[in-house]
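# Secondary and tertiary structure notes
Chain by chain, the residues:
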Amino acid sequence: MAENRERSGHVLVWEQADMATDEGILPAKRFGTRHYIVFMLFLGMANAYVMRTNMSVAIVAMVNQTAIEKDAEVFDDECPDTDYGDDNKDDERDGEFIWSTSMQGYILSSFFYGYVITQIPFGLLAKRYGAMRFLGWGMLINSVFAFVVPVAARQGGAGWLIAVRFIQGLGEGPIVPCTHAMLAKWIPPNERSRVGSIVYSGAQFGTVISMPLSGLLADHGFDGGWPSIFYVFGIIGTVWSIAFLFTCHEDPVSHPRIREDEKKYIQESLWGNASVHIPPIPWMNIAKSLPFYAILLAHLGQNYGYETLMTELPTYMKQVLRFSIKTNGVLSALPYLAMWLFSIVVGWVADWMLTSGRFNHTLTRKISNSIGQYGPAIALIIASYTGCSRALTVAILTIGVGLNGGIYAGFKINHLDITPRYAGVLMAFTNCSANLAGLLAPIAAGNIIEGKPTIAQWRIVFVIAACVYLFTATFYNVFASGARQFWDDPENDEPQKPSIESPVHSEMNGSNVGSNGTTGATLTHRTINEQSSD
């Protein structure tokens, strides 16, 4: 095999495909329990992004635009006016609340602050106590408090609304680290690329659904329009959360209805899965790990560049090209749709590369990530030179964001390769840091273009974002690895004394207490001596 290791006593992740075929443990190619888990995680990710983005649409209908004293918006006169209709027509709608632009900013950002501060705590808690219930209950809190949004806004004003959105953000905090932790327990290594792409592309799917549907509900919904956005999505989120809590389980061993052949297939494909005990997090080794820093920098660059692509390019088209992409719901959702579709395709291709034996995990991750980050970088540079061509700018935006879907088979799933047992913890750290880095994009752009939104100034914004993409992607290509790191090798774990206590579900446990009180069988170790090509 192209990827292997000199180890004995454990089934290696890189040998999963051939091992399954040779020993006849590969389950029939039909919808299995792990596929249902993946489907539910995809819906959960979509739900999370719906809850995150629906306020940006709702607040337009909530605010009395004509009652707000507005500063004259500065436009560049290098490009002629468009003939696409009155872009300010929507601004004439009178809402219920007189909130200044700065107050609207506080309302929109309150969710984000709640979301960010819970990333690392939930990553650590998921490792110790399991991820499934934190994810389900967190999203239930998020969904239930969506019903409170209209009441808080109408009865308590902006202050209460900010508090409610902050609580919603707290509830959504577990979504990424806990999803990563569950993928580590359920998904065989050679399925990770496509499964990770499917699950995390739920973010784009949720945005595609949320933007046009929220606009439709704001215009034609009940209870004044905008409240129906939170009621409808609150119901959907609550139903998903309850279904997830009652039908999903932490890992294959604890699932009472999984087929025996599928459970054996999953467990034997996970290296070191016979170890119940997960030792303390090796912080010092992680702190010295270049593959970890490669993932961290790639994540930082991704969020900075993504925020530039999705937040600043529409502003550029409005101020410079005189064309607001928000006037057309299809065009607004088109980049997200392109990213969703491409991420699924690149995930399947990446797994084919692995199972073909021609590419190892390291090379596959680097190729996928290069597409996902070099592609948008080139698109940003091209967009800065498109001049007044509106159609070309929209096309570049769509292609750039579409290619960005390659990251889901790149750094986004790479945590699971280098450390399956601590993947949720590492994702919590990188996702928290990356979301903070994403704040820099609008701040930098705002300072550069303030008072002078010319094509030349906007070119600086785009080139800076492109350089961030290029640097972080190159750093990833130099130092990233698809090999499981030595500090997550079960053979290096200290022997554990027998305990009468029930083992706690953890990220890579292979023996646990099932729902009927019986203990899952511990897999027999096999000896495989191999050479590493990573």
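Bear in mind that the values here come from a model prediction, so they are computed numbers and not experimental data.

### Side note on the overall build of the chain
Along its length, the chain carries 20 helices and 0 strands. By the burial criterion, 58% of the 534 residues in the chain qualify as buried. Looking at the chain alone, contacts between residues at least 24 apart form 86% of all its contacts between residues at least 6 apart. Surface accessibility of the chain: about 21,600 Å² in total, with carbon and sulfur atoms responsible for 62%.

### A short note on the packing of aromatic side chains
Ring pairs (aromatic) are described by centroid distance and by the angle formed between their planes. Applying the stated criterion across every chain, the model contains 13 aromatic pairs. Between Trp-240 and Phe-244 the ring centres are 4.9 Å apart and the planes differ by 20°, which places this aromatic pair in the stacked class. Taken together, the positions of Trp-240 and Phe-244, both in helix 10 (residues 226-247) and 4 residues apart, correspond to about one turn of that helix. Of the residues examined, Trp-240 reaches a relative accessible area of 7% and is grouped as buried. Owing to a relative accessible area of 0%, Phe-244 belongs among the buried residues under this scheme. By the ring-pair criterion, three or more aromatic residues cluster together here, those being Phe-42, Phe-205 and Trp-340.

### Overview of the side chain of Ser-254
Take Ser-254: it is sitting in the loop between helix 10 and helix 11 (260-269). Within polar-contact distance, the side chain of Ser-254 engages the side chain of Asp-251 at 2.9 Å.

### What about the packing of helix 17 (residues 411-418) against helix 18 (residues 423-438)?
In the contact formed by helix 17 and helix 18, the axes pass within 8 Å of each other and the chain directions differ by 145°. In this structure, helix 17 crosses over helix 18, and the sense of that crossing is right-handed. Contacts from Lys-412, His-415, Leu-416 and Ile-418 in helix 17 reach Ala-423, Leu-426, Met-427 and Thr-430 in helix 18. In terms of residue class, the contact of helix 17 with helix 18 is built from 5 nonpolar, 2 polar and 1 charged.

### Describing the UniProt feature "transmembrane region" (unreviewed entry) in the chain
Per the UniProt annotation, the sites labelled "transmembrane region" (unreviewed entry) are residues 36-52, 103-122, 134-153, 229-247, 333-355, 391-411, 423-444 and 456-479. Counting secondary structure, residues 134-153 comes out at 95% helix and 0% strand; the distance between its end C-alpha atoms is 28 Å. The span residues 333-355 is 100% helical and 0% strand by assignment, and the distance between its end C-alpha atoms comes to 34 Å.

### Some thoughts on the confidence of the model for the chain
Low-confidence regions, as indicated by low pLDDT, have predicted coordinates that should not be scrutinised in detail. Across the chain, the average pLDDT comes to 77, with 75% of residues at or above 70. Residue range residues 1-24 is modelled with pLDDT below 50. Its contacts to residues more than four positions away, or to other chains, number 88 contacts. Contacts of residues 272-276 to residues separated by more than four positions or lying in other chains number 22 contacts, the stretch itself having pLDDT below 50.

### A look at the pattern of salt bridges
Within this structure, the stated rule accounts for 11 salt bridges. Notably, a salt bridge pairs Glu-191 with Arg-34, separated by 3.0 Å at the nearest N-O pair. Of this pair, Glu-191 sits in the loop between helix 7 (175-186) and helix 8 (192-200) while Arg-34 sits in helix 2 (residues 33-62); the two residues are 157 residues apart in sequence, bridging distant segments of the chain. Judged on exposure class, the residue Glu-191 and its partner Arg-34 are both buried. The partner of Glu-250 in a salt bridge is Lys-185, with the nearest N and O atoms 1.9 Å apart. Taken together, the positions of Glu-250 in the loop between helix 10 and helix 11 and Lys-185 in helix 7 put the pair 65 residues apart, joining distant regions of the chain. With relative accessibility at 6%, the residue Glu-250 sits in the buried group. Connected via shared salt-bridge partners are Arg-34, Glu-191 and Glu-262.

Quick notes on the rules
Residues numbered from 1 in each chain as written. Predicted model: local features only at pLDDT ≥ 70, side-chain atom pairs only at ≥ 80, totals over all residues. Heavy atoms only, no water. Helix = DSSP H or I, 4+ residues; strand = E, 2+ residues; numbered from the N terminus. Buried < 20%, exposed > 50% of the residue type's maximum accessible area, 1.4 Å probe, protein only. Contact = heavy atoms within 4.5 Å. Areas by Shrake-Rupley, 256 points an atom, 1.4 Å probe, with all protein chains shown as cover. Phe/Tyr/Trp six-rings, centres within 6.5 Å; stacked < 30°, edge-to-face > 60°. Polar contact = N/O pair within 3.5 Å; in protein donor to acceptor, adjacent residues only side chain to side chain. Axes fitted to C-alpha atoms, helices over the stretch in contact; angles between N-to-C directions. Left-handed = near helix turned anticlockwise from the far one by under 90°. Nonpolar A, V, L, I, M, F, W, Y, C, P; charged D, E, K, R; others polar. UniProt positions renumbered as here; feature names shortened; annotations may be inferred. pLDDT = per-residue confidence, 0-100. Salt bridge = Lys/Arg side-chain N within 4 Å of Asp/Glu carboxyl O.

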